[in-house]
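Analysis of the macromolecular model
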Amino acid sequence: MRVQELYKQVAQLGFEDSLEDDNRFYYAANRALLQVNSIRPAISAYVINHKPMANLVKESTFSPIERSEDLSFEVTDAKAYYFEADGNGTLYIERQDSASGAWVIIGSQELASARRFIPYKGFIKKDGSFTTGLVRLRFVGEFLYSVRNVAIYRHIYSNSAADIPAYEPYTRYDISALVPDFLSLNSPPISEDAEYERLNQNYDVEGGKVILLPYSVEGCFKVLYKRKPQEIENTGLASEDEAVIDLDEELCSLLPILIASYVWVEDEPTMAEYYLSLYRERAMDIERRIRNATPVTIRNTNGW
């Protein structure tokens, strides 16, 4: 359905050829658009390419390590690091001299927190350039301190420290921030492997919009979400507006009576109430059919 057709239908429901205020029509149309869409929201997909960067530190550091003495992690040919620390101390970034075997400080970072873990990250460079050979992170603290989620990476995504990934048991993907038309999650993530199955474990959800995928699992995962319909843009001349409304035809058929109930509520309250009751009746019928529909099971990538 096009906007101009919707406009004419709304006007005719008030036994008129046109409406007095196009702005009022657009406001009512967009309000109705969201309400009607909630009956059967359109579904879109976002694919997460979940491939956590390999950590050169072999021991697990997801659990906090509490120390009151030096703590170090040694790796070869590293470019970046990430960790979280609670307490006061100093991180020394050191490189082993290949000739003498002595450790040489090539960078440092002060650690300070008030009883909470703070993330730190940076590049491992000597005189502004990436280095090769054996390097280590050495933590020094005069008092009790804790570190966790320590990672040292051989690869980087860019020259920006902001792109150094956090090392954590679960990676959080805020779908509402990744797509502009997010309404709510629709189903568990779908693994895009040969089986094309919905996950029933090894993931979690926070706040109804954030997908948590574990570090130990990698792959592409399709997230299905209910999306907002595209807002009807106010062109100022609804009777000639040829924009297509972002709803399927069955749902579009509900728009005129719902908009009419909004538009005529002041001038013709009885008529407006009638159209609203008619809308509710038809909406309930569609919802009933949705509830009674047989769900489709996805079997594999070759078909349904």
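Being a predicted model, the structure only gives us computed values, none of them experimental. For every chain, the first residue of its written sequence is number 1, and the numbers climb from 1 along that sequence. This being a predicted model, a pLDDT of at least 70 is required before a residue's local features are given, and a value of 80 or more before pairs of side-chain atoms are given or counted; all residues contribute to the totals for chains, interfaces and linings. Computation of side-chain values covers all heavy atoms of the structure but excludes hydrogens and water.

Points about helix 1 (residues 3-13)
In plain terms, the rule: Under the scheme applied here, a residue whose accessible area is under 20% of the maximum for its type counts as buried, over 50% as exposed, and between as partly exposed, the area being computed with a 1.4 Å probe on protein chains only. Each helix corresponds to a stretch of at least 4 residues labelled H or I by DSSP, and each strand to a stretch of at least 2 residues labelled E; elements are numbered beginning at the N terminus. Our arc is simply the arc of the directions from the helix axis toward the C-beta atoms. By definition in these notes, contact holds between two residues if any of their heavy atoms fall within 4.5 Å.
Listed in full, the buried residues belonging to helix 1 are Val3, Leu6, Tyr7, Val10, Ala11 and Leu13. Within helix 1, the buried residues cover an arc of 160 degrees as seen down the axis, which keeps them to one side. The elements touched by buried residues of helix 1 are helix 2 (22-37), helix 5 (255-263) and helix 6 (269-292). Directly beyond the C-terminal end of helix 1, a positive phi value near 60 degrees is found at Phe15.

Here's the deal with the packing of aromatic side chains
Applicable threshold: Centres within 6.5 Å make a pair out of two Phe, Tyr or Trp rings, where for Trp the six-membered ring is used; the pair is then stacked when the planes are under 30 degrees apart, edge-to-face when over 60, and tilted otherwise. The criterion is that NZ of a Lys, or CZ of an Arg, lies within 6 Å of the ring centre and within 35 degrees of the ring normal, and then a charge sits over that ring.
Per the stated rule, a full pass over the model turns up twelve aromatic pairs. Centre to centre, the rings of Phe123 and Phe130 are 5.8 Å apart; their planes meet at 85 degrees, and the pair counts as edge-to-face. Here the aromatic rings of Tyr167 and Tyr215 are separated by 5.0 Å at their centres, their planes lie at 85 degrees, and the arrangement is edge-to-face. Placement of the pair is Tyr167 in the loop between strand 11 (145-153) and strand 12 (170-174) and Tyr215 in the loop between strand 16 (210-214) and strand 17 (219-227), with a sequence separation of 48 residues. If you follow Lys125 out to its NZ or CZ, it ends over the ring of Phe123, 5.1 Å from the centre.

Details of the confidence of the model for the protein chain
To be explicit about the condition: pLDDT is a residue-level measure of predictor confidence that goes from 0 to 100.
A residue-level look at the protein chain finds 96% of positions with pLDDT of 70 or above and a mean pLDDT of 92. For the stretch residues 297-304, pLDDT sits under 50, and the model shows 14 contacts to residues farther than four places along the chain or on other chains.

Regarding the pairing of strand 6 (residues 103-111)
This is how the line gets drawn: For two strands to be treated as a pair, DSSP must find no fewer than two bridges joining them.
Here eight bridges tie strand 5 (residues 89-96) to strand 6, and the two strands are oriented antiparallel to one another. Across the sheet, residue Leu91 finds its bridge partner in strand 6, namely Gln109. Where strand 5 folds back onto strand 6 in an antiparallel hairpin, the turn is made up of six residues, including Gly101, whose phi is positive at roughly 80 degrees.

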